[in-house]
Structures are given as structure tokens and as C-alpha cells.
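# Structural overview for review
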Amino acid sequence: MEIDPFIFRLSIFILSIFIGYYVVWSVTPSLHTPLMSVTNAISSVIIVGAIIAGLAGNSDTIFNTSSIFGFLAISLAAINIFGGFLVTQRMLAMYKKKKKDK
Amino acid sequence: MLSANLSAIFYLISGVLFILALRGLSSPETSRQGNFFGILGMIIAITVTFLSIGNFSTGFVVVLIFLLIGGLIGAFIAYKIPMTAMPELVAGFHSLVGLAAVFVAIAAFLNPEAFNLGSPGNIKLGSLIEMSIGAAVGAITFSGSIIAFLKLQGIMSGSPITFKGQHPLNALILISIIVINLSTLLYTIF
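Reading the values: the criteria
- Per-chain numbering applies: the sequence of each chain, read as written, is numbered from 1 onward.
- Just so you know, chain letters begin at A and ligand numbers begin at 1, following the order they were written in.
- Residue-level local features of this predicted model are given only where pLDDT is at least 70; pairs of side-chain atoms are given and counted only at 80 or more, and the full residue set underlies all totals for whole chains, interfaces and linings.
- Note that the side-chain values use all heavy atoms of the structure and ignore hydrogens as well as water.
- Secondary structure elements are taken from DSSP: a helix is a run of H or I of four residues or more, a strand is a run of E of two residues or more, and numbering for both begins at the N terminus.
- Throughout, a contact is declared for two residues whenever any of their heavy atoms are within 4.5 Å.
- Computed with a 1.4 Å probe, the accessible areas rest on the Shrake-Rupley method; for each residue, only the protein chains presented here act as cover.
- Charge counting follows a simple rule: Lys and Arg are positive, Asp and Glu are negative, and His as well as the terminal groups are ignored.
- To locate a charge, take atom NZ for lysine, CZ for arginine, CG for aspartate or CD for glutamate.
- Only rings of Phe, Tyr and Trp enter the pairing, Trp through its six-membered ring, and a pair is recorded when the two centres are within 6.5 Å. The plane angle decides the type: under 30 degrees is stacked, over 60 is edge-to-face, the rest tilted.
- Each residue gets one of three labels from its accessible area relative to the maximum for its type: buried under 20%, exposed over 50%, partly exposed in between, using a 1.4 Å probe on protein chains only.
- A 1.4 Å probe defines the accessible area here, and the buried area is the portion of it lost by two parts on being joined, summed over both.
- What makes a salt bridge here is a side-chain nitrogen of Lys or Arg within 4 Å of a carboxyl oxygen of Asp or Glu, nothing more.
- Two N or O atoms count as a polar contact when they lie within 3.5 Å, although within protein this holds only if one can serve as hydrogen donor and the other as acceptor, and sequence-adjacent residues are included solely when both atoms are side-chain atoms.
- Each residue gets one label: Ala, Val, Leu, Ile, Met, Phe, Trp, Tyr, Cys and Pro are nonpolar, Asp, Glu, Lys and Arg are charged, and the others, such as Gly, are polar.

## Some remarks on the overall build of chain B
- Scanning chain B for helices and strands turns up 6 helices and 2 strands.
- Reading chain B from its N terminus to its C terminus gives the helix and strand order α-α-α-α-β-β-α-α.
- Here the contacts in chain B between residues at least 6 apart in sequence split such that 53% fall between residues at least 24 apart.
- Of the roughly 10700 Å² that chain B leaves accessible, carbon and sulfur atoms contribute 76%.
- Seen as two clouds, the 6 positive and the 4 negative side-chain charges of chain B have centres 9 Å apart.

Here it is in C-alpha cells:
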């Protein structure tokens, strides 16, 4: 008997919930904002779906409704990816400097 | 063009890198390494997506342009923003992800073939469930993050807004989301 792929994805989803919970459980309070911003940047992995939607059309139908939504989603997610990781880097650099001063 | 199995393995690698990124961010010593893992995972995920579709025609150029526009805006904001405004910046960024998730759900619903989910009007049940939950969660992320942004920015008062019948109303909204999702599913199946 074959397992429906949906059940596979559901299992991955449920296990990921636990990973997220335990990984984030013991974080130093001062790192909460960088952690939030990295988590936010990682959630932009939705860009994978957006790229698939954007690339779906052939040369005649590049700008159909579906791919236009894809293009918009690509831009939104890209703002997040670049913004999120760069901002985290800036915050962490500050953290390091502060430590040296002490 | 990458085979489906090979790209799944690469996606798994980037998933593991994302977990390591979160883990790294939990202590100051490993935090910079964690951020690096996150960037690496994202680069792998995006590259593999391009390679697995293998469509490097006009659409590819348009996708790259939109990617660059978003990237430039994001990088510009990240460098310009004062350090004191970080929490509201993260909240603002997060609302964009919610909106992007809603857009992807719409795109997948309109063009399920691209995502290998069936054909329009005949989408697999599991995928429909994923789509409707994705759209609902994305929309909640969007509006919730905007409120968080406005509160942190001080445009909105930080004190909780309560009104009579709030909890029944919230319950009603949750039930309507479930009912609308279910009716969409039933409508599509029968």
C-alpha cells in the first residue's frame, strides 16, 4: 500500500513544529530580536513557490494572472531575504562590539 | 534540469541549514555562524528552484528583475534604518512574507499545473487543504504584523484594544475561516 504524499508532508510539518519549539526554547533574551529577524528571513523561503509561479508561463503567457502574483510575491519575499539577513548581520556586529567594550 | 529527487535532496540540505541557523542564533558565540547558515540555505533553495525548472527564457529575466528590485529595496532599508527601529522593522518585514504567501497560494490556485498539483478546477484534495490554510495563515500574518509594526512605531497605542464581545467575534471569524475553507473543498470535490 502506498502512502499518500499529503501524509508525508503533514509528517514533515508536524515534526518541524517540534524542531522550531525546541530550537528556540533556550535563547538568551538579548538575542531575541536577531532571532526574530533571522526567522523572518528564513520564512521568505516562500520565494521558491513564487519563482515556480513566475516561471510557469511560456514566452506568450509570461504575464498571465498567476505569474503576475508570482512576480509580486518574488519582490516581497526578496525584500525580506536581503533585508532580513543584512539587518541581522548589523545587529550581531553591534553585539560583538558591545562585548569588546566591556 | 535537476531531477525531482535530486532537488528534493538539495531542499532537505537547505532545510537542515535553516534549522542550524536558528540553533546558531540561540547563543552569542555561534550567532554570526547561524546567520551565515541561513544565507547559505536560502542561496541553495533559490538556485535549486531555478535549476529544477530549467526555464531560462524571457520569464527567467523577468523573475530576476523582480528579485533584484525586491533585493535592492530590502538592502537599502536594512542599511538606512536606525538601530533603535529594529523591532518594528522586523515586524514590517514580516508582514511582507504573509502577503507573499497569500500571493503564492493565489498563483498556485490559478495555475496548479506549474506546481504539479493537478489542473485548474481539478486540484488534488491535499493540495487544496494546504493552499487554503496557507492563504489564511498568510493573511493573518500580514494583518497581525502590520498592527505590531504600528504599535512598535507608536502610531497606534500599545495598550491592548478590547471591546465587548471580542472573544465571540474572534471565535466567529475562526469558524468562518474553517467553514469557507471546507465549503471550497467540498465545492471542488463534488
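Now, onward.
## Quick notes on the packing of aromatic side chains
- Under the definition given, this model contains 6 aromatic pairs over all chains.
- Ring centres 6.4 Å apart and planes at 45 degrees place the aromatic pair F36 of chain B and F37 of chain B in the tilted group.
- Among the residues examined, F36 of chain B registers a relative accessible area of 49% and is labelled partly exposed.
- Members of the aromatic cluster, connected to one another through ring pairs, are Y21, Y22 and W25 of chain A.

## Considerations on the interface of chain A and chain B
- Listed as interface residues are 68 residues of chain A and, on the opposing side, 63 residues of chain B.
- Summed over both sides, the interface of chain A with chain B buries roughly 5800 Å², with 79% coming from carbon and sulfur.
- Summed over the three residues of chain A that lose the most area to chain B, namely L55, I79 and R90 of chain A, the buried surface amounts to 12% of that side.
- Viewed at the interface, chain B and chain A are joined by 1 salt bridge.
- E130 of chain B is the partner of R9 of chain A in a salt bridge, and the nearest nitrogen-oxygen pair spans 3.3 Å.
- Across the contact surface, chain A and chain B share 10 residue pairs in polar contact (both at pLDDT 80 or more).
- Listing elements by their share of the side of chain A that touches chain B, those giving two or more residues are α1 (5-24), α2 (32-43), α3 (47-54) and α4 (65-101) of chain A.
- With 31 residues, the top contributor of residues to the side of chain A that touches chain B is α4 of chain A.
- Here the residues of the side of chain A that touches chain B sort into 43 nonpolar, 21 polar and 4 charged.

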